[in-house]
Amino acid sequence: MPPELEPLPSASPGLDRTDGLDQNDGLDQNDGLDQNDGLDPAPALGQTAPGLQARMDQEPAAGDTIRQIMAEVLETMFFTQAELTPCEHGWLAAARCARIRFEGSHCGEMLLGVAGEAADTIAASFLGLDAREPTGAQRDQVIEELSNMMCGALLSHLWPESKLTLASPELLAWQEWPGTGALHRCFLAPEGTIAISIRLLSRTGEPGAVTGPAEVAEVA
Amino acid sequence: MAYSVLIVDDSPVMRTFIRRVLAMSGFEVGECMEAGNGDEALALLNTRHVDVILTDINMPGMNGEELLRRLGAEGVLKTTPALVISTDATKERISRMLALGAEGYMSKPFTPETLREKLELVLGDRNAPRA
């Protein structure tokens, strides 16, 4: 069981839950969500929202959107390309990883893992430096920035009518999220492999409906 | 003639990236200043001339929303336009920042060409660059 969703660091003091971030505000029935998504009364802490779609892997557009956003972010901001690749997770034990949490109309978290050698090269591309020039701190900041861009762009594309607050990214070890409704993809860039997982959480930090097997991308 | 630019972002690597993209875009930049949050930006704006402000939203200390609120209240935005750069492209966020007085909004990822177009749009012809 994952730890409870802690209060988000208030990087944006004007946008906390006291600032009118009603969970249903801004959502209408044309935002690509299941008709029940976000339109039911928000669950109180510790309660299950009846009919609330809480599995990212069942969000119809999420898989294609992750692929599209990853390609766009890497090409535009990191001057490289990546394609979906089968998931082989041995490398993730030594990967540089960042987690970013979000709350508002939807609560959840996204995890990004970048293979060690790829992290250095991607950081160099972002900063316009040679591959060995970025410091460890710069590399980590670039990974945080990549996770921030991926998460923000992904959520904005999936739910453009939503109100969301992203917390500051945190560097940590990769976590596998089997059976939690997480959507997971691996991408292969010339620099190395990149993994991304995203899942929705209830207000108490519980994963969404834990009703099925782990959903891991199957790539032809 | 070149414009003086103030980049407000808590991420040093993002500030470096924006500087880099500004250079790639062909936009004429004179002095390029940096601030890590709204407090630092206000301090700079009190002592330095800035033609255009590029600001993030989520920052520790004074965030981008509060910065715009303060700049609007002080009348700074009438002469110095602000372009918001954020990962958040939700309609509500964009509307909110524009309502606070931002002249433009650009979501990440963005290309050098997009940055230049946005800058030319927010600057219009109301600001003659001094730098």
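Data block above holds the structure.
Only a predicted model underlies this, so the values are computations on that prediction, with no experimental measurement involved.

> Would you explain the overall build of chain A in this entry?
Across its full length, chain A holds three helices and seven strands. When its helices and strands are written in sequence order, chain A yields α-β-β-β-α-α-β-β-β-β. In chain A, buried positions account for 53% of the 220 residues. Look at the contacts in chain A between residues 6 or more apart in sequence, and 72% of them connect residues 24 or more apart.

> What should I look at first to understand the overall build of chain B in this one?
A count of helical and extended segments in chain B gives five helices and five strands. Sequence-ordered secondary structure for chain B, helices as α and strands as β, is β-α-β-α-β-α-β-α-β-α. For a compact globule of 131 residues, the expected C-alpha radius of gyration is about 14 Å, and chain B comes in at 13 Å, within 12% of that figure. Within chain B, buried positions represent 56% of all 131 residues. By sequence separation, contacts in chain B at least 24 residues apart represent 67% of the contacts at least 6 residues apart. Summing over all exposed atoms, chain B offers an accessible surface of approximately 5300 Å²; the carbon and sulfur share of this is 49%. Separation between the mean location of the 15 positive side-chain charges and that of the 19 negative ones in chain B comes to 1 Å.

> I tried to follow the interface of chain B and chain A on my own but got confused; where do I start?
When the parts of a complex come together, some accessible area is lost, and that lost area is often used as the size of the interface. Across the boundary between the two partners, chain B contributes 26 residues, which contact 33 residues of chain A. Buried area between chain B and chain A, both sides added, is near 2400 Å², and the carbon and sulfur share of it is 60%. Considering only the side of chain B, the residues that lose the most area to chain A are Val13, Thr87 and Pro109 of chain B, jointly responsible for 25% of the buried surface there. If you look at where chain B meets chain A, you find two salt bridges. With a closest N to O distance of 2.8 Å, Lys91 of chain B and Glu161 of chain A form a salt bridge.

> How do you make sense of the pattern of salt bridges when you look at a structure like this?
Working definition: two side chains of opposite charge can pair if their charged atoms are close together. Residue and element names in this part refer to chain B. A complete count under the given rule lists 20 salt bridges over all chains for this structure. Among the salt bridges present, the one from Arg48 reaches Glu31, with a minimum N-O distance of 2.0 Å. Of the two residues, Arg48 sits in the loop between α2 (38–47) and β3 (52–55) while Glu31 sits in strand β2 (residues 29–35), which places them 17 residues apart along the sequence. Glu74 is the partner of Arg70 in a salt bridge, and the nearest nitrogen-oxygen pair spans 3.8 Å. For Arg70, a relative accessible area of 35% corresponds to the partly exposed category. On the basis of relative accessible area, Glu74 is assigned to the partly exposed category, the value being 48%. One network of salt bridges, with partners in common, ties together Glu65, Glu66, Arg69, Asp88, Glu92, Arg93 and Arg96.

> Please explain the packing of α2 of chain B against helix α3 (residues 64–73) of chain B as it appears in this structure.
Helix packing for two helices is described by the angle between their axes and how far apart those axes are. All names here are of chain B. Their axes nearest at 9 Å, the elements α2 and α3 cross at an angle of 30 degrees. By the criterion of interaxial angle, the relationship of α2 to α3 is roughly parallel. Between α2 and α3, the residues in contact are Gly38, Ala41, Leu42 and Leu45 and Leu67, Arg70 and Leu71, respectively. In terms of residue class, the contact of α2 with α3 is made up of five nonpolar, one polar and one charged.

> Sorry if this is basic, but what is going on with helix α2 (residues 116–127) of chain A here?
Spacing of three or four residues puts side chains on the same side of an α-helix, whose turn is 3.6 residues. When the terminal C-alpha atoms of α2 of chain A are compared, their 17 Å separation across 12 residues agrees well with the 16 Å that a helix rising 1.5 Å per residue should span. Buried residues of α2 of chain A: Ala118, Ala119, Ile122, Ala123, Ala124, Ser125, Phe126 and Leu127 of chain A, and no others. Residues of α2 of chain A that are buried sit in contact with α1 (62–77), β2 (96–104), β3 (108–114), α3 (136–158) and β7 (192–200) of chain A together with α1 (12–25) of chain B.

> Hey, could you run me through the nonpolar core in this one?
Considering soluble globular proteins, one finds that nonpolar side chains tend to be buried as a cluster. Formed by 64 residues in total, the largest nonpolar core has its most connected members in Phe78 and Phe126 of chain A together with Leu22, Leu54 and Phe110 of chain B. The element best represented in this core is α3 of chain A, accounting for 10 residues. Those residues within four positions of Leu54 of chain B in sequence are excluded, and the remaining contacts are Val5, Leu6, Ile7, Val8, Ile18, Leu22, Leu83, Ile85 and Leu119 of chain B. Membership of the second largest hydrophobic core comes to 24 residues, among which are Ala35, Val50, Ile57 and Val76 of chain B.

Cut-offs and rules
Residues numbered from 1 in each chain as written. Chains lettered and ligands numbered in written order. Predicted model: local features only at pLDDT ≥ 70, side-chain atom pairs only at ≥ 80, totals over all residues. Heavy atoms only, no water. Helix = DSSP H or I, 4+ residues; strand = E, 2+ residues; numbered from the N terminus. Buried < 20%, exposed > 50% of the residue type's maximum accessible area, 1.4 Å probe, protein only. Contact = heavy atoms within 4.5 Å. Rg over C-alpha atoms; globule rule 2.2 N^0.38 Å. Areas by Shrake-Rupley, 256 points an atom, 1.4 Å probe, with all protein chains shown as cover. Lys, Arg positive; Asp, Glu negative; His and termini not counted. Charge placed at Lys NZ, Arg CZ, Asp CG, Glu CD. Buried area = accessible area lost by both parts, 1.4 Å probe. Salt bridge = Lys/Arg side-chain N within 4 Å of Asp/Glu carboxyl O. Axes fitted to C-alpha atoms, helices over the stretch in contact; angles between N-to-C directions. Parallel < 35°, antiparallel > 145°, perpendicular 65-115°, else oblique. Nonpolar A, V, L, I, M, F, W, Y, C, P; charged D, E, K, R; others polar. Expected span 1.5 Å × (residues − 1). Core = buried A, V, L, I, M, F, W, Y, C linked by side-chain atoms within 4.5 Å.

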